[in-house]
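What the coordinates show
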Amino acid sequence: KQYTKDDIRKIVKEENVNFLRLMFTDLFGTIKNVEVPVSQLEKLLDNKLMFDGSSIDGFVRIEESDMYLYPDLSTWLIMPWNTEHGKIARIICEVYTADRLPFEGDPRNNLIRVLSDMREAGFTSFNIGTEPEFFLFKMNEKGEPTTELNDKGSYFDLAPMDLGENCRRDIALELERLGFNVEASHHEVAPGQHEIDFKYADALSAADHIQTFKLVVKTIARKYNLWATFMPKPLNGVNGSGMHVNMSLFHDQGNAFYDESEQDELKLSTDAYHFLGGLMKHARSYTAVTNPTVNSYKRLVPGYEAPVYVAWSGSNRSPMIRVPSARGLSTRLELRSVDASANPYLAFATVLEAGLDGIKNGIEPPKSVDRNIYVMDEDERQKAGIADLPSTLHNALKEFQTDPTMKKALGPHIYQSFLEAKRLEWASYRQQVSEWEREQYMELY
Ligand code: ADP
Ligand code: MG
Ligand code: MG
Ligand code: MG
Ligand code: MG
């Protein structure tokens, strides 16, 4: 919704808002808050509110620490949890430098930049609909998460299970109150695992929505003494949590991926095929961004419904990219590898850049794979030209660092910081000796 400054002033009075929570997102997808009393409202509305960027991990160097927060008024939202000090409203902000330029290290600014490249290429919007999955774990007396689940439910279970179901319903209601259009909310395959889907939006709003969504899910879960986690693979031997990303490009005439003529069997446009070609070509490198944690790769293994190979299909549900059967406005590509540990602003920027590369350079996608890839052996896959997704963060980073399209997608500042931070994460992980290793080797050798 578009608000004017006067709208905001009015709402603040009428609703007795006492605090403004100014939000932006760091490189790792973590929401950062600067909370100010409502007395700072005028300053904020005039883009004069400053904060110290050096306090944020990996954001800026000390010498360039003074930053401005420019509020995006369309993101104004009164948070549902009242405090004894009155209501809190949140606004998502863009980070600007002391010289009043968009800060290149701000993932949201970067997505705005890539979206403007998209408009130059002739499209009006990049639409994204996500399907985030999460687990609800019991908390211990100290309020810390355990690995104990609170239900034994499974996919689309209807039986009144317990806390989990009530909690999920409460989350869905709260989201609706906040203006989300919840399309589906259901139990997932694993016990304690849930999915809530909301209607697609333009990529920038969709990324904002995910950030708000995670905050709401975690906050409501706490009321039920449950810990909500979007960690990709929290348990051994159990399905992990993904976040399918459905995407389409619109232009003035509607959905640019749809071709109603009978020429193409799947009724996909040339742009759709080229976008798909770009998504396939760059899959191994944007995986570093769409699956950015050590743990992400423990989900991308055979046997748990998560994709493992770079393939697409118009009929099969298991490959990395699926073309769902809906046509018309709902014509879209579904990328099934993404998980919710991804920074949504960065993830959407990289898949968009990959797809635009496909369109600009007319990249044809390889043939679809409509049979079950999991029954093919390595030889058959190789003959069919099906590559593996990276098996570790380390392997993904190797692809990421040699793909100029990724640098273009993130800009040199974020590209470099991301690479450095993720290399450190891998270095720290590979030095760890795990329980699994002790069990395997301690007595054997
Ligand atoms: P699945 O069959 O994979 O479970 P869902 O129905 O759960 O799919 O989710 C589909 C998602 O795709 C929703 O978020 C929906 O709003 C979104 N979607 C529908 N049409 C489009 C479109 N044209 N572009 C992007 N996303 C879309
Ligand atoms: Mg779904
Ligand atoms: Mg589904
Ligand atoms: Mg699901
Ligand atoms: Mg899906």
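Just above sits the structure.
Since the model is a prediction, treat every value here as computed from it, not as a measurement.

Within the first shell, the magnesium ion (ligand 2) binds the protein through E131 (OE), E195 (OE) and D197 (OD), at distances of 2.1 to 2.7 Å. Look at where the donors of the magnesium ion (ligand 2) fall in the sequence and you get E-x63-E-x1-D. In this structure, the magnesium ion (ligand 2) lies 2.5 Å away from the magnesium ion (ligand 3). Of this pair, E131 sits in strand β7 (residues 125-139) while E195 sits in strand β10 (residues 193-198), and the two are 64 residues apart along the sequence. Across the pair, E195 and E131 agree in class, each one buried.

To continue, consider the side chain of S318. Mapped onto the secondary structure, S318 falls in the loop between β16 (312-313) and β17 (321-322). With near-sequence residues (within four places) excluded, S318 lies in contact with P307, R336, N372 and Y374.

Here the focus is the site of ligand 1. The full set close to ligand 1 counts 21 residues, and E131, D197, S248, L329 and E334 are the nearest of them. A distance of 2.9 Å is found between an oxygen atom of ligand 1 and a side-chain nitrogen or oxygen belonging to E183. Measuring from an oxygen atom of ligand 1, one finds a side-chain N or O atom of R332 at 3.5 Å. Taken by itself ligand 1 offers 580 Å² of open surface, and the protein chains cover 85% of this. More than half of the atoms of ligand 1 fall within 2 Å of the grid points belonging to the largest pocket. The set of elements that each furnish at least two residues to the shell around ligand 1 consists of β7, β10 and β13 (243-251). Broken down by element, the shell around ligand 1 gets its largest block of residues, 4 residues, from β7. Per-class residue counts for the shell around ligand 1 are 4 nonpolar, 8 polar and 9 charged.

Attention now moves to the environment of Y345. Structurally, Y345 can be placed in helix α9 (residues 344-360). Residue class for Y345 comes out buried when judged on its relative accessible area of 1%. In this structure the C-alpha to C-alpha distance between Y345 and F275, which are 70 residues apart in sequence, comes to 19 Å. Setting aside residues no more than four positions away along its own chain, Y345 makes contact with T25, I92, P107, R108, L111, L204, A207, D208 and Q211. A distance of 2.4 Å separates the side chain of Y345 from the side chain of D208, its partner in a polar contact.

This brings us to the packing of aromatic side chains. Enumeration according to the criterion identifies 18 aromatic pairs in this entry. Ring geometry for F134 against F230: centres 5.5 Å apart, planes inclined by 50°, an arrangement best described as tilted. Of this pair, F134 sits in strand β7 while F230 is found in the loop between β12 (226-229) and β13, placing the two residues 96 residues apart along the sequence. Here Y273 and W312 contribute two aromatic rings whose centre-to-centre distance is 6.4 Å and whose plane-to-plane angle is 70°, an arrangement assigned as edge-to-face. Here Y273 is found in helix α6 (residues 270-281), whereas its partner W312 is found in strand β16, with 39 residues between them in sequence. Here Y273 falls in the buried class, since its relative accessible area comes to 16%. Among the residues examined, W312 registers a relative accessible area of 5% and is labelled buried. The structure contains a cluster of three or more aromatic residues connected by ring pairs, namely F134, F180, F198, F213 and F230. In this structure, K214 packs its charged tip against the face of F230, placed 6.0 Å from the ring centre.

Thresholds applied
- Residues numbered from 1 in each chain as written.
- Chains lettered and ligands numbered in written order.
- Predicted model: local features only at pLDDT ≥ 70, side-chain atom pairs only at ≥ 80, totals over all residues.
- Heavy atoms only, no water.
- Donors = N, O, S within 2.8 Å, 3.2 Å for Na, K, Ca; no water.
- Helix = DSSP H or I, 4+ residues; strand = E, 2+ residues; numbered from the N terminus.
- Buried < 20%, exposed > 50% of the residue type's maximum accessible area, 1.4 Å probe, protein only.
- Contact = heavy atoms within 4.5 Å.
- Near = heavy atom within 4 Å.
- Polar contact = N/O pair within 3.5 Å; in protein donor to acceptor, adjacent residues only side chain to side chain.
- Areas by Shrake-Rupley, 256 points an atom, 1.4 Å probe, with all protein chains shown as cover.
- 1 Å grid on protein atoms, 1.4 Å probe; cavity = no way out; pocket = protein on both sides within 12 Å on 5 of 7 lines; lining within 4 Å.
- Sits in = over half its atoms within 2 Å of the grid points.
- Nonpolar A, V, L, I, M, F, W, Y, C, P; charged D, E, K, R; others polar.
- Phe/Tyr/Trp six-rings, centres within 6.5 Å; stacked < 30°, edge-to-face > 60°.
- Lys NZ or Arg CZ within 6 Å of the ring centre and 35° of its normal.

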